[in-house]
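Close look at the chain arrangement
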Amino acid sequence: MEIDRKLKAAIAARHSVRAFSDRPIEPAQIEELRRKIDSINAQTGFHFALCLDEPEAFCANKPHYGAFSNCRNYFALVAPKRGAGERVGYYGEMLVLLAQTLGLNTCWVALTYEKAKVACPVLENEKVHDLIALGYGTTQGVQHKSRDIKHVSNVTETSPDWFRAGVQAALDAPTAINQQRFYLEWLGDNRVRAKALLGPCSKTDLGIVKLHFELGAGRENFTWA
Ligand SMILES: Cc1cc2nc3c(=O)[nH]c(=O)nc-3n(C[C@H](O)[C@H](O)[C@H](O)COP(=O)(O)O)c2cc1C
């Protein structure tokens, strides 16, 4: 499928970008991103939002890792407080990859932003899980260091090609502090199990990783166990 081919190219090209130019996002791209958000929200009941020209959330001078510069736009990933982490990761990463296909750059943000300054409504039972910084980067970012494929999966010489391709795409995924705390297991035939290991945001990471695996392996080749 054409769209999956584009998303796979986006997986290879994407790196976190934390410094943005002043160029405003094109109206046609805003429309496409909003359409995707509407379809995700209709499917999940989440309240993901696109916040444009709202620099406040990134103004705070926090001593955490990750320094943002000129971030004026972001996705706010608003979803139920409990039990939504993995799906926030999965659907949030759809927005990341779509943005990349449109020539935009992104960075997931769990810590280094000002929660009280997020410019969108949040219902009583919900919270802002993460932001995704968005804009035209001043650079395209750099490839992160990766764990060995054998540390994150049970891949061997006899594993099917689609499994290996899925794990490779998973290794390209963004994870919090680049921890890559996940394990992908081929159970024989067409069955695959994905597990989050202990670590901050590892449930969100798992959802991100599962989307990457699906695109890398091809959804027609396997089912999740
Ligand atoms: C759930 C999640 C939370 C993150 N939170 C932050 C953050 O608070 N601040 C930051 O600068 N980067 C954050 N990142 C970005 C990671 O540091 C980055 O994805 C990782 O180092 C891998 O680099 P890459 O995205 O360029 O491949 C986060 C990433 C994920 C997936």
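Keep in mind that what you see is a predicted model, and the values were worked out from it rather than measured. (Residues numbered from 1 in each chain as written. Predicted model: local features only at pLDDT ≥ 70, side-chain atom pairs only at ≥ 80, totals over all residues.)

**A word on helix α3 (residues 85-101)**
Taking 1.5 Å of rise per residue, the 17 residues of α3 would be expected to cover 24 Å, and the 25 Å separating its terminal C-alpha atoms lies within 8% of that figure. Taking burial as the measure, the 17 residues of α3 include 14 buried ones, the bulk of the element. With its phi angle positive at about 85 degrees, Gly-103 sits one or two positions after the end of α3. (Helix = DSSP H or I, 4+ residues; strand = E, 2+ residues; numbered from the N terminus. Expected span 1.5 Å × (residues − 1). Buried ≥ 20, exposed ≤ 12 C-beta atoms within 10 Å, placed from the backbone.)

**A short note on the domain arrangement of the chain**
What the domain assignment reports for the chain is domain 1 (2-135) and domain 2 (149-224). Look at where the C-alpha atoms of domain 1 and domain 2 centre, and you get two points 23 Å apart. Facing the 18 residues of domain 1 at the interface are 16 residues of domain 2. Of all the elements in the fold, those that place two or more residues in the side of domain 1 that touches domain 2 are α1 (2-13), α3 and β4 (126-135). For the side of domain 1 that touches domain 2, the leading source of residues is α3, giving eight residues. For the side of domain 1 that touches domain 2, the per-class residue count stands at eight nonpolar, four polar and six charged. (Domains from an automatic or database assignment. Contact = placed C-beta atoms within 7 Å. Nonpolar A, V, L, I, M, F, W, Y, C, P; charged D, E, K, R; others polar.)

**A closer look at the pairing of strand β2 (residues 73-80)**
Burial analysis of β2 places seven of its eight residues in the buried class, the great majority of the element. As paired elements, strand β1 (residues 49-51) and β2 share three bridges and run antiparallel to each other. Residue pairing across strands places Ala-49 opposite Ala-76, the latter belonging to β2. (Pairing = 2+ DSSP bridges.)

**Considerations on the environment of Val-192**
Mapping Val-192 onto the fold places it in strand β6 (residues 191-196). With 24 C-beta atoms packed within 10 Å, Val-192 lands in the buried category. Along the primary structure Val-192 and Ala-225 are separated by 33 residues, whereas in three dimensions their C-alpha atoms are 5.5 Å apart. With residues near it in sequence (within four places) discarded, Val-192 still touches Phe-163, Leu-184, Glu-185, Trp-186, Leu-187, Phe-222, Trp-224 and Ala-225.

**Digging into the packing of helix α2 (residues 27-44) against α3**
Closest axis-to-axis distance for the α2/α3 pair is 10 Å, and the angle between their directions is 165 degrees. The pairing of α2 with α3 is recorded here as roughly antiparallel in orientation. As for the relative orientation of α2 and α3, their crossing is right-handed in sense. Residue-level contacts link Leu-33, Lys-36, Ile-40 and Thr-44 of α2 to Arg-87, Tyr-91, Met-94, Leu-95, Leu-98 and Ala-99 of α3. (Axes fitted to C-alpha atoms, helices over the stretch in contact; angles between N-to-C directions. Parallel < 35°, antiparallel > 145°, perpendicular 65-115°, else oblique. Left-handed = near helix turned anticlockwise from the far one by under 90°.)

**Side note on the pairing of strand β5 (residues 182-186)**
On β5, burial follows the alternation: Phe-182, Leu-184 and Trp-186 on one face are buried, whereas Tyr-183 and Glu-185 on the facing-out side are not. Both β5 and β6 contribute to a ladder of five bridges, which runs antiparallel. Its bridge partner lying in β6, Glu-185 is registered against Arg-193. Once β5 ends, the chain turns through four residues before running back antiparallel as β6, passing Gly-188 with a positive phi of about 95 degrees.

**Focus on the packing of α1 against α3**
Between α1 and α3, the least distance of the axes is 9 Å, while the angle of their chain directions is 90 degrees. Considering the angle they form, α1 stands roughly perpendicular to α3. Between α1 and α3, the contacting residues are Lys-6, Leu-7, Ala-10, Ile-11 and Ala-13 on the first element and Leu-97, Gln-100 and Thr-101 on the second. Within the contact of α1 with α3, the residues separate by chemical class into five nonpolar, two polar and one charged.

**A few points about the sheet that holds strand β3 (residues 105-109)**
Sheets are built from strands paired through backbone hydrogen bonds, the pairs being either parallel or antiparallel. With antiparallel pairing, the four strands of this open sheet are ordered in space as β1-β2-β4-β3. Where the open sheet ends on each side, the last strands, each with one partner, are β1 and β3. Shown here is a sheet whose adjacent strand axes are inclined to one another by a mean of 25 degrees, direction ignored. In the sheet, β2 pairs with β4 via eight bridges, with the strands oriented antiparallel. For Val-78, the partnering residue across the bridge sits in β4 and is Val-128.

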